[in-house]
Amino acid sequence: MRVEVLYSGGKDSSLSAVLLEPFFEVELVTCTFGSDAWRHAEKAARALGFPFRTMALSPEVMDECIDLILRHGYPRYGISFVHRRALEALAAGSEYVADGTRRDDHSPMLTMSEVRSLEMRFGVSYIRPLAGYGRRAIDALVRRHFEIIEGPEIEKSDYEAEIRSSIKERYGEETVRRLFPSEHAQSRVMRRL
């Protein structure tokens, strides 16, 4: 059985792939709006030994994402919107799809009704391997299985990087700082231990 995992190159999506590995043929998939940010995920996927591919999302998805962020004044709803569209695009040709969302995540996160809708509309099984894990447990597993780099300026291939870049192009750096006021630590997997 093959599972396609939405992949950023960070520790959460990498850990999800490793947890699924005993049960599935794992393929890592990074969504892109056309930038080359996906290359960071490709490098991490290669280091982990998993097959990798990209999947393009339409410019309309980015437009709607930015509209949601501007309307609400923060990124949560826009990032969750992109995540839903990415899962739907992946589900259209898959039997199993997965991601690295965690138990305590606020964004991106699907509600139970959204999960059921996705599964029913596409005939797919959606798997969240980290749904039962808290931050401390995830961090312990990451330390045991990966060498990572971490910090606020780490380049990786998540939605936020392309969203920030697109907002900067359209509205300027000040708008990006207003909508994404706090820098949170990013991670990228360098190798498997």
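Conventions adopted
- Residues numbered from 1 in each chain as written.
- Predicted model: local features only at pLDDT ≥ 70, side-chain atom pairs only at ≥ 80, totals over all residues.
- Heavy atoms only, no water.
- Helix = DSSP H or I, 4+ residues; strand = E, 2+ residues; numbered from the N terminus.
- Rg over C-alpha atoms; globule rule 2.2 N^0.38 Å.
- Buried < 20%, exposed > 50% of the residue type's maximum accessible area, 1.4 Å probe, protein only.
- Contact = heavy atoms within 4.5 Å.
- Lys, Arg positive; Asp, Glu negative; His and termini not counted.
- Charge placed at Lys NZ, Arg CZ, Asp CG, Glu CD.
- Pairing = 2+ DSSP bridges.
- Right-handed = clockwise from strand over helix to strand, strands pointing away.
- Axes fitted to C-alpha atoms, helices over the stretch in contact; angles between N-to-C directions.
- 1 Å grid on protein atoms, 1.4 Å probe; cavity = no way out; pocket = protein on both sides within 12 Å on 5 of 7 lines; lining within 4 Å.
- Points joined across faces, edges and corners; volume = space filled by probe spheres on them.
- Nonpolar A, V, L, I, M, F, W, Y, C, P; charged D, E, K, R; others polar.

**Regarding the overall build of the chain**
Along the chain, the regular secondary structure elements total eight helices and seven strands. What you see for the chain is a C-alpha radius of gyration of 16 Å, in line with the 16 Å of a compact globule of 193 residues. A buried classification covers 48% of the 193 residues belonging to the chain. When contacts within the chain are restricted to residue pairs at least 6 apart in sequence, those whose partners lie at least 24 apart make up 76%. Distance between charge centres in the chain, computed from 28 positive and 30 negative side chains, equals 4 Å.

**Topic: the pairing of strand β2 (residues 25–32)**
For β2, a buried count of seven out of eight residues is recorded, marking the element as mostly surrounded by other parts of the structure. The sheet contact formed by strand β1 (residues 2–6) and β2 spans five bridges and is parallel. Residue pairing in the sheet places Val5 in a bridge with Leu28 of β2. Handedness of the crossover joining β1 and β2 through helix α1 (residues 11–20): right-handed. Bridging between β2 and strand β3 (residues 52–56) involves five bridges; their strand directions are parallel. Looking at β3, one finds that Thr30 is bridged to Thr54. Note that the unit made of β2, helix α2 (residues 38–48) and β3 has a crossover that is right-handed.

**Structural notes on the environment of Ile149**
Within the secondary structure, Ile149 sits in strand β6 (residues 146–151). Judged by relative accessible area, Ile149 falls into the partly exposed class, the value being 30%. As a C-alpha pair, Ile149 and Ala47 span 102 residues in sequence and 13 Å in three-dimensional space. Residues within four places of Ile149 in sequence aside, it is in contact with Ile154, Gln186, Ser187, Arg188 and Met190.

**Regarding the sheet that holds β1**
Across the sheet, which stays open at both edges, the five strands sit in the order β3-β2-β1-β4-β5 with parallel pairing between neighbours. Pairing within the sheet leaves two strands with one partner each, and these edge strands are β3 and β5 (125–127). Looking at each pair of strands side by side, their axes are set apart by 30° on average, direction ignored. Relative to β3, α2 is tilted by about 155°, and along the sheet it contacts β2 and β3. Packing against the sheet, helix α4 (residues 76–91) makes contact with β1, β2, β3, β4 (96–98) and β5, and its axis sits at approximately 155° to β1.

**Brief notes about the layout of surface pockets**
Summary: where empty space remains is shown by rolling a probe the size of a single water molecule over the atoms. In this structure, the largest pocket occupies an estimated 980 Å³ of space. For the lining of the largest pocket, the elements supplying multiple residues, two or more each, are α1, β2, α4, α7 (159–171) and β7 (186–192). As a volume, the second largest pocket reaches approximately 710 Å³. The greatest single-element share of the lining of the second largest pocket, amounting to nine residues, is contributed by α7. Split into classes, the residues belonging to the lining of the second largest pocket amount to nine nonpolar, seven polar and 14 charged.

Geometric descriptors of this kind do not, in isolation, establish any biological role.
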